[in-house]
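The residues making up each chain are set out below.
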2 protein chains.
Amino acid sequence: MTLIPKSHPRAKSLLIREKLVSGFDKGLVAKEGLLAQGRGEAFDYLLGEKTTKAAKHAIKAAAAQLLQAQRPVISINGNIAALCPKEVIKLSKQIKAKLEVNLFYSNEKRKQAIIKTLKKNGAKEILGTNSANSTRLPGIDSARRVVDKNGIFVADVVVVPLEDGDRTMALRNAGKTVITFDLNPLSRTSQTANITIVDNVTRAIELLIAESKRLAKKKEKSLEKIITNFDNKKNLTENVIQIKNNLTRRARIA
Amino acid sequence: MTLIPKSHPRAKSLLIREKLVSGFDKGLVAKEGLLAQGRGEAFDYLLGEKTTKAAKHAIKAAAAQLLQAQRPVISINGNIAALCPKEVIKLSKQIKAKLEVNLFYSNEKRKQAIIKTLKKNGAKEILGTNSANSTRLPGIDSARRVVDKNGIFVADVVVVPLEDGDRTMALRNAGKTVITFDLNPLSRTSQTANITIVDNVTRAIELLIAESKRLAKKKEKSLEKIITNFDNKKNLTENVIQIKNNLTRRARIA
């Protein structure tokens, strides 16, 4: 454990950082996952480290989409398991989604550490753990195309928080509706997904759980309306504009 | 070693990432250093992953400042040692600066790994390695204020690539002229330094070496003119505007 002075103006961000570092020490997070978190930190900083109005819209659309899904699956990687294991399980119960461990940098030991963390936090069924059930998505590099034939392979809606662009594209090509959390509104994942929540997953997941609970009482028709009224490209542009406005304010330029 | 598909559109950035990961494996880079690199990647992406016109001006001013210095020191941390050990030594020879190992997250084993790498790359004298020569900068948390009494403590100009805001401020308070490399034009380090080179250090350091060589032939007076004509605040604003323009272009918004 390193020493973070409380006086440091970025102490909050440094504490989240330590959470990832701790996840790394427990074998959940890949080294590349620490770098990915750093990129996220930068975009979060530019977004003002709060949930934007646009992100709230995306969260609402995601909740409606998940409630309408027949076979929703939430894909879990090391960073998610380190940052919000409890919340991701709570979400899976709320929307009756399966959990599938699916890693960008595949590693059996790390996978086992992630499974252990999920179980400790109350997960019952975890897919992506039995190689007898492995199958492949077409159109993606071999090392990263493995999915569970009872999970992502047959899913209609897949939540892929903090995902790589190649895999997001492969999921779309396979006909899946993709929901992602990505702090970079310009990333390929953001641009490729059906619904992109441009927010820090540690903030947004709680809001998604609450929204799913609220919308669960709504009729099928009003859920459909929320989904069809949502425009992901427009939403992403709103987030880019937010970043631009924040840059202007911070740099005190016209 | 992980597998990076050549087809990946961010292969170049992923390869630099692997360089840091390799530096981590060799014990040079702290876990927090991987996260810091990630933040840098995000800002580099927003800057267009090339040296801006503003950065070129800052490099010129930095070269002039270093050539005018009486006791210049280059501060070395793990990320710098992993990313560009050869170049930093080449720069120190060009401008007759001392090298001082100075870590944010202090760790003796890591310090030794950094010293080993610097020596392997041709460094003769390395300060910050003998605790008998340690002294303290005032006005900064205890763990991070240690400097070498023959190095940073008596320096007039200090180059601190990829530095923390607290330490940059402590150096300024101690009367030092501070030159930094920082990809975030809004960071406290960027805003506090006398000259901020908003560029990827792996690109900018070669340019700084070349510029130092070129300006070494100039008279004292023209170096002074370059320094007094340089306005760091204005330069940082130019970099923010560049980011804003890149965001507009990429998001195809007005």
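Structure shown above.
This section reports on the structure supplied with the text.

Here is what the cut-offs are and how they apply
Residues numbered from 1 in each chain as written. Chains lettered and ligands numbered in written order. Predicted model: local features only at pLDDT ≥ 70, side-chain atom pairs only at ≥ 80, totals over all residues. Heavy atoms only, no water. Helix = DSSP H or I, 4+ residues; strand = E, 2+ residues; numbered from the N terminus. Rg over C-alpha atoms; globule rule 2.2 N^0.38 Å. Buried < 20%, exposed > 50% of the residue type's maximum accessible area, 1.4 Å probe, protein only. Contact = heavy atoms within 4.5 Å. Areas by Shrake-Rupley, 256 points an atom, 1.4 Å probe, with all protein chains shown as cover. Lys, Arg positive; Asp, Glu negative; His and termini not counted. Charge placed at Lys NZ, Arg CZ, Asp CG, Glu CD. Pairing = 2+ DSSP bridges. Axes fitted to C-alpha atoms, helices over the stretch in contact; angles between N-to-C directions. Right-handed = clockwise from strand over helix to strand, strands pointing away. Salt bridge = Lys/Arg side-chain N within 4 Å of Asp/Glu carboxyl O. Phe/Tyr/Trp six-rings, centres within 6.5 Å; stacked < 30°, edge-to-face > 60°. Lys NZ or Arg CZ within 6 Å of the ring centre and 35° of its normal. Expected span 1.5 Å × (residues − 1). Polar contact = N/O pair within 3.5 Å; in protein donor to acceptor, adjacent residues only side chain to side chain.

### Focus on the overall build of chain A
- Secondary structure assignment for chain A yields eleven helices and eight strands.
- In terms of C-alpha radius of gyration, chain A reaches 18 Å, essentially the compact-globule figure of 18 Å for 254 residues.
- The C-alpha extent of chain A, read off along each of the three principal axes, is 55 × 50 × 35 Å.
- For chain A, the proportion of its 254 residues judged to be buried stands at 59%.
- Pairs at least 24 residues apart make up 64% of the contacts formed inside chain A by residues separated by at least 6 positions.
- When the accessible surface of chain A is summed, it comes to about 11,500 Å², and 51% of that surface belongs to carbon and sulfur atoms.
- Separation between the mean location of the 47 positive side-chain charges and that of the 24 negative ones in chain A comes to 4 Å.

### Details of the sheet that holds strand β7 (residues 177–181) of chain B
Residue and element names in this part refer to chain B.
- The six strands are arranged β3-β2-β1-β6-β7-β8 in an open sheet whose pairing can be described as parallel. Each end of this open sheet is capped by a strand with a single partner; those strands are β3 (126–127) and β8 (195–197).
- Sitting on the sheet, helix α5 (residues 85–94) touches β1 (72–76) and β2 (98–101), and the angle it makes with β1 is about 170°.

### With respect to the pairing of strand β7 (residues 177–181) of chain A
Residues and elements named next belong to chain A.
- The element β7 is extensively covered by neighbouring structure, given that five of its five residues are classed as buried.
- In β7, alternate side chains face the same way, and those of Thr-177, Ile-179 and Phe-181 on one face and Val-178 and Thr-180 on the other are all buried.
- Following the chain from strand β6 (residues 157–161) across helix α7 (residues 165–173) to the adjacent parallel β7, one finds a crossover that is right-handed.
- In terms of strand pairing, β7 meets strand β8 (residues 195–197) through three bridges, oriented parallel. Paired with Thr-180 across the two strands is Thr-196, which belongs to β8.

### Remarks on the pattern of salt bridges
- Per the stated rule, a full pass over the model turns up 16 salt bridges over all chains.
- Notably, a salt bridge pairs Glu-238 of chain B with Lys-234 of chain B, separated by 3.7 Å at the nearest N-O pair. Taken together, the residues Glu-238 of chain B and Lys-234 of chain B, both in helix α11 (residues 232–251) and four residues apart, mark about one turn of the helix.
- Residue classification places Glu-238 of chain B among the partly exposed residues on the basis of a relative accessible area of 31%.
- Each of the salt bridges in this network shares a partner with another, and the network as a whole consists of Asp-44, Asp-199 and Arg-203 of chain A.

### Brief notes about the packing of aromatic side chains
- With the rule as written, the count across this model stands at three aromatic pairs over all chains.
- Centre to centre, the rings of Tyr-45 of chain A and Phe-43 of chain B are 6.2 Å apart; their planes meet at 75°, and the pair counts as edge-to-face. Taken as a pair, Tyr-45 of chain A in helix α2 (residues 31–47) and Phe-43 of chain B in helix α2 (residues 31–47) lie in two separate chains rather than in one. We note that Tyr-45 of chain A, like Phe-43 of chain B, is buried.
- The lysine or arginine in question, Arg-250 of chain A, covers the ring of Tyr-45 of chain A, its NZ or CZ lying 4.4 Å from the ring centre.

### A short note on helix α6 (residues 108–120) of chain B
Residues and elements named next belong to chain B.
- A rise of 1.5 Å per residue sets the reference length of α6, with its 13 residues, at 18 Å; its end C-alpha atoms lie 18 Å apart and thus fit the reference within 8%.
- What α6 keeps buried is the set Arg-110, Lys-111, Ala-113, Ile-114, Ile-115, Thr-117 and Leu-118.
- Buried-residue contacts for α6 involve β1, α4 (78–83), α5, β2 and β3.
- Here α6 starts with a cap whose side-chain oxygen sits 2.9 Å from the backbone nitrogen of Lys-109, and that cap is Asn-107.
- In the segment just after α6, Gly-122 is the residue with positive phi, at about 105°.

### Some details on the sheet that holds strand β1 (residues 72–76) of chain A
Residue and element names in this part refer to chain A.
- Read from one edge to the other, the open sheet built from six strands follows the order β3-β2-β1-β6-β7-β8, with strand pairing classed as parallel. What marks the edges here is a single partner per strand, and that holds for β3 (126–127) and β8.
- Packed onto the sheet, helix α3 (residues 53–68) meets β1, β6, β7 and β8 and runs at close to 130° relative to β8.
- In the packing of helix α6 (residues 108–120) onto the sheet, the strands contacted are β1, β2 (98–101) and β3, and the crossing angle to β2 comes to about 155°.

### Notes on the side chain of Gln-37 of chain A
- Tracing the sequence through the fold places Gln-37 of chain A in helix α2.
- Given a relative accessible area of 11%, Gln-37 of chain A falls into the buried group.

### Quick look at unusual backbone geometry
Residue and element names in this part refer to chain A.
- The backbone of Glu-49 shows a phi angle near 50°, a positive value even though the residue is not glycine.
- Its identity is not glycine, yet Lys-96 carries a phi of approximately 55°, on the positive side.
- Here Lys-96 shows up in the loop between α5 (85–94) and β2.

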